[in-house]
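Fold and contact review
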Amino acid sequence: MIFSRLILHPYHHCSQLTRIFYKMYSQSTKIMDKAFINGLWVSAKSNKVFEVQDPATCQVISTVPDMNVDDVEAAVTYADEAFQTWKVTTGKERSILLRKWYDLLVQNQEELAKILTMEAGKPIKESLGEIVYGNAFVEWFAEEAKRMYGEIVPSPVKNRELMVLRQPIGTVGLITPWNFPFAMITRKAGAAIAAGCTCVIKPAEDTPFTALALAELASLAGIPKGVINIVTSSRSNADQIGKYLCESPKVAGISFTGSTAVGKLLYQQCGKHVKRIGLELGGNAPFIIFESADLNKAVDGAIASKFRNCGQTCISANRFLIQDSIFEEFVQKFAERIKSSLIIGDGKNVQFNLGPLINADQVKKVEDIMQDAIKKGVNVVTGGNRATNVGEQFFEPTLLTNITSNMRCYKEEIFGPVAVCIKFKTEAECIDIANDTERGLAGYFYSNDISQIWRVAKNLEVGMVGVNEGLISHAETPFGGIKESGIGREGSKHGLDEYTYLKYVCFGNL
Ligand SMILES: NC(=O)c1ccc[n+]([C@@H]2O[C@H](COP(=O)([O-])OP(=O)(O)OC[C@H]3O[C@@H](n4cnc5c(N)ncnc54)[C@H](O)[C@@H]3O)[C@@H](O)[C@H]2O)c1
Ligand SMILES: O=CCCC(=O)O
């Protein structure tokens, strides 16, 4: 059915997008095996490829080029060439092309969601949610492209006029994760292209297909060759590609979303060349429920925040902090909701709303964290095991109490469907626990005490706060963290800042 919809699509040839579907949904032997450089679909210079698996079935979907530093060098050269003409386009011209891209993304959103579910395992409804969310960045930056304002500064001396221009920084390297393989690209590339930059994008090895589909639609929208390039690579080549992007004089900046360890490495590599870098790294979000909270609303928020993408979200609730007077009642309601509303299975089937973990490493990480907690005396209220009856990479939605501060689940970003419930007595104690981490991405709390709401919103050491709300991300608002969760902001009117620099121009002797 999908395939016939795409045949009717007004594309002039069997597009890349169509070929991906052909493989996925008709069991054809045709494979989608190309990266996208300078407007062309290309193999790796080495001709090497690597396999990408469906995390729900562990079956190979297809192969893509396993590119290395030779390929990324070519991509950067083309992107740099394209920058020479792209940087002099007007904001309005860039806006029109971004809008065309957005329109095509919207027209293809159902198909894009299916690709996303296939490679990331996200339940299909949630994938559609990510596509809609990701598209909103392209729409937003199509509008912002026209508003890249400079400043006229009143001169403190006579005979001078002072002006501040905003200019694109150049070619940028965008390195993206597997957990939001679509929206993390549109959030970065939408802003970069709007600002007049060109991009070399390295998608995560687990999820290259949504990136390739995005490039196909960008090309159909008329975004010129070289402005968007996608370099696919296996994990083993990621470090040399990252290093090249950080060190090449033709790359003006890096934007990265992913683990704190890799973010720190890229920061170091960029530091050597004083290169611009935006980092959106791991979180360890507290989700606090105070005794004045509406517990039913808190349970809604807890489910949405904890189990979004099976817990594999940088802003997922990682530690539930619950005031002692309502601890038992909240835990009971939360456990009941987990059992009654989360249905684990292959997300291609609309009846399932909790998918697999992305890969074997992620399953092992969650299992190890669980084993450590069991050894140290945790109480498993529900779940706690791999759901091998469903598939190799599925993990039961889990709720834990009796947490102690020496457990890994107390300190680490779990990135899985495991909810950790910790009791506290006073607001001060809870703020201390919430802030007792080197991370500072998001924090959530439920309260109906207005003074407390102001105090806690201000005292949480994070870049984003949800008050009586568990889902907070929008294209219109600044996304980013403090402490070791990163630097810079994405989305919102601040999103262009990462990709522009200010140039002060002094007109003298007038
Ligand atoms: N902040 C987030 O949204 C986010 C996303 C993914 C993973 N994580 C965290 O990271 C943990 C591990 O996941 P992961 O290993 O896939 O994340 P990762 O940081 O290793 O991977 C993210 C991206 O970085 C690339 N990469 C890896 N090593 C690189 C290097 N040396 N130089 C340049 N690029 C490199 C990967 O190929 C991928 O594209 C997760 O358990 C989770 O805690 C966070
Ligand atoms: O996990 C990273 C991104 C999540 C979001 O944008 O809400």
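1. Let's talk about the overall build of the chain
Helices and strands together make up the secondary structure of the chain, namely 16 helices and 22 strands. Here the chain has a C-alpha radius of gyration of 23 Å; the compact-globule value for 510 residues is 24 Å, and the two agree. Reported as C-alpha extents along the three principal axes, the dimensions of the chain are approximately 70 × 70 × 40 Å. Of all 510 residues assigned to the chain, the portion counted as buried reaches 58%. Put simply, 73% of the contacts in the chain that link residues at least 6 apart link residues at least 24 apart. As displayed, the chain has an accessible area near 20,800 Å², and 52% of this comes from carbon and sulfur atoms. In the chain, the 55 positive side-chain charges and the 56 negative ones have mean positions that sit 4 Å from each other.

2. Quick look at the packing of helix H9 (residues 235-247) against helix H10 (residues 260-271)
Packing of H9 against H10 leaves a shortest axis separation of 8 Å and a crossing angle of 35°. As for the relative orientation of H9 and H10, their crossing is right-handed in sense. Judged by residue contacts, Gly 242, Lys 243 and Cys 246 of H9 engage Leu 266, Gln 269 and Cys 270 from H10. Within the contact of H9 with H10, the residues separate by chemical class into three nonpolar, two polar and one charged.

3. Quick word on the pattern of salt bridges
Enumeration according to the criterion identifies 24 salt bridges in this entry. Between Lys 264 and Glu 484 there is a salt bridge, with its nearest N and O atoms 2.8 Å apart. Of this pair, Lys 264 sits in helix H10 while Glu 484 is found in the loop between strand E20 (482-483) and strand E21 (486-487), placing the two residues 220 residues apart along the sequence. For Lys 264, a relative accessible area of 43% puts it in the partly exposed group. Since its relative accessible area comes to 30%, Glu 484 is described here as partly exposed. Lys 364 is paired through a salt bridge with Asp 368; the nearest N and O atoms lie 2.7 Å apart.

4. A short note on the sheet that holds strand E6 (residues 161-168)
Two strands in a sheet stick together by hydrogen bonds in their backbones, pointing the same way (parallel) or opposite ways (antiparallel). With respect to topology, three strands assemble into an open sheet ordered E5-E6-E22, the strand pairing being antiparallel. Across the chains shown, the open sheet's two edge strands, defined by having one partner strand only, are strand E5 (151-153) and strand E22 (500-507). For this sheet, the mean inter-axis angle between neighbouring strands, taken without regard to orientation, is 25°.

5. Quick word on the domain arrangement of the chain
When its domains are assigned, the chain resolves into domain 1 (35-49 + 65-281 + 486-502) and domain 2 (285-473). When each unit is reduced to the centre of its C-alpha atoms, the spacing between domain 1 and domain 2 is 31 Å. Between domain 1 and domain 2, the contact holds 19 residues from the first and 21 residues from the second. Across the interface of domain 1 and domain 2, roughly 1,600 Å² is buried in total on both sides, 60% from carbon and sulfur atoms. The largest contributions to the domain 1 side of the interface with domain 2 come from Pro 123, Trp 178 and Phe 180, which together make up 29% of the buried area.

6. As for the packing of aromatic side chains
Tallied over the full model, the rule gives ten aromatic pairs. Seen from their ring centres, Phe 36 and Trp 41 are 4.6 Å apart, and the 50° between their planes marks the pair as tilted. Centroid distance Tyr 133 to Phe 137: 5.0 Å. Interplanar angle 65°. Geometry classified as edge-to-face. With a gap of four residues between them, Tyr 133 and Phe 137 both fall in helix H6 (residues 124-144), about one helical turn apart. Site record: aromatic cluster; members linked through ring pairs are Phe 287, Phe 320, Phe 330, Phe 334, Tyr 444 and Tyr 446. Sitting above the plane of the Phe 180 ring, Lys 122 keeps its charged end 3.6 Å from the centroid. Against the face of Phe 327 rests Lys 423, its NZ or CZ located 5.0 Å from the ring centre.

7. Here's the deal with the site of ligand 1
In the vicinity of ligand 1 there are 28 residues, among which Thr 176, Trp 178, Glu 205, Arg 235 and Ser 259 approach most closely. For ligand 1, an oxygen atom lies 3.2 Å from a polar atom in the side chain of Asn 179. Within the side chain of Arg 235, an N or O atom sits 2.6 Å from an oxygen atom of ligand 1. Computed on the free molecule, ligand 1 has an accessible area of 800 Å², of which 91% lies beneath the protein chains in the complex.

8. Observations concerning the environment of Gln 107
Residue position: Gln 107 is located in helix H4 (residues 91-107). Sequence separation of Gln 107 and Ile 450 is 343 residues, and the distance between their C-alpha atoms is 43 Å.

9. Some remarks on the layout of surface pockets
There is about 970 Å³ of room inside the largest pocket. Together, 41 residues line the largest pocket, and Trp 178, Arg 235, Gly 258, Ser 259 and Val 262 are the ones closest to its centre. At the level of elements, H9, strand E10 (251-257), H10 and helix H13 (360-375) are the ones that each hand at least two residues to the lining of the largest pocket. Counting residues per element, the lining of the largest pocket draws most heavily on H10, at six residues. Along the lines of polarity and charge, the residues of the lining of the largest pocket split into 13 nonpolar, 14 polar and 14 charged. Looking at the lining of the largest pocket, you find at least three residues from each of domain 1 (35-49 + 65-281 + 486-502) and domain 2 (285-473). Here the second largest pocket is characterised by a volume of approximately 440 Å³.

10. Some remarks on the site of ligand 2
In the region of ligand 2, the neighbouring residues are Tyr 133, Asn 179, Phe 180, Met 184, Arg 187, Arg 308, Thr 313, Cys 314, Ile 315, Ser 473 and Phe 479. Asn 179 has a polar side-chain atom sitting 3.2 Å from an oxygen atom of ligand 2. Ser 473 places a side-chain nitrogen or oxygen 2.5 Å from an oxygen atom of ligand 2. Its free accessible area being 250 Å², ligand 2 has 100% of it covered by the protein chains.

Calculation notes
Residues numbered from 1 in each chain as written. Chains lettered and ligands numbered in written order. Predicted model: local features only at pLDDT ≥ 70, side-chain atom pairs only at ≥ 80, totals over all residues. Heavy atoms only, no water. Helix = DSSP H or I, 4+ residues; strand = E, 2+ residues; numbered from the N terminus. Rg over C-alpha atoms; globule rule 2.2 N^0.38 Å. Buried < 20%, exposed > 50% of the residue type's maximum accessible area, 1.4 Å probe, protein only. Contact = heavy atoms within 4.5 Å. Areas by Shrake-Rupley, 256 points an atom, 1.4 Å probe, with all protein chains shown as cover. Lys, Arg positive; Asp, Glu negative; His and termini not counted. Charge placed at Lys NZ, Arg CZ, Asp CG, Glu CD. Axes fitted to C-alpha atoms, helices over the stretch in contact; angles between N-to-C directions. Left-handed = near helix turned anticlockwise from the far one by under 90°. Nonpolar A, V, L, I, M, F, W, Y, C, P; charged D, E, K, R; others polar. Salt bridge = Lys/Arg side-chain N within 4 Å of Asp/Glu carboxyl O. Pairing = 2+ DSSP bridges. Domains from an automatic or database assignment. Buried area = accessible area lost by both parts, 1.4 Å probe. Phe/Tyr/Trp six-rings, centres within 6.5 Å; stacked < 30°, edge-to-face > 60°. Lys NZ or Arg CZ within 6 Å of the ring centre and 35° of its normal. Near = heavy atom within 4 Å. Polar contact = N/O pair within 3.5 Å; in protein donor to acceptor, adjacent residues only side chain to side chain. 1 Å grid on protein atoms, 1.4 Å probe; cavity = no way out; pocket = protein on both sides within 12 Å on 5 of 7 lines; lining within 4 Å. Points joined across faces, edges and corners; volume = space filled by probe spheres on them.

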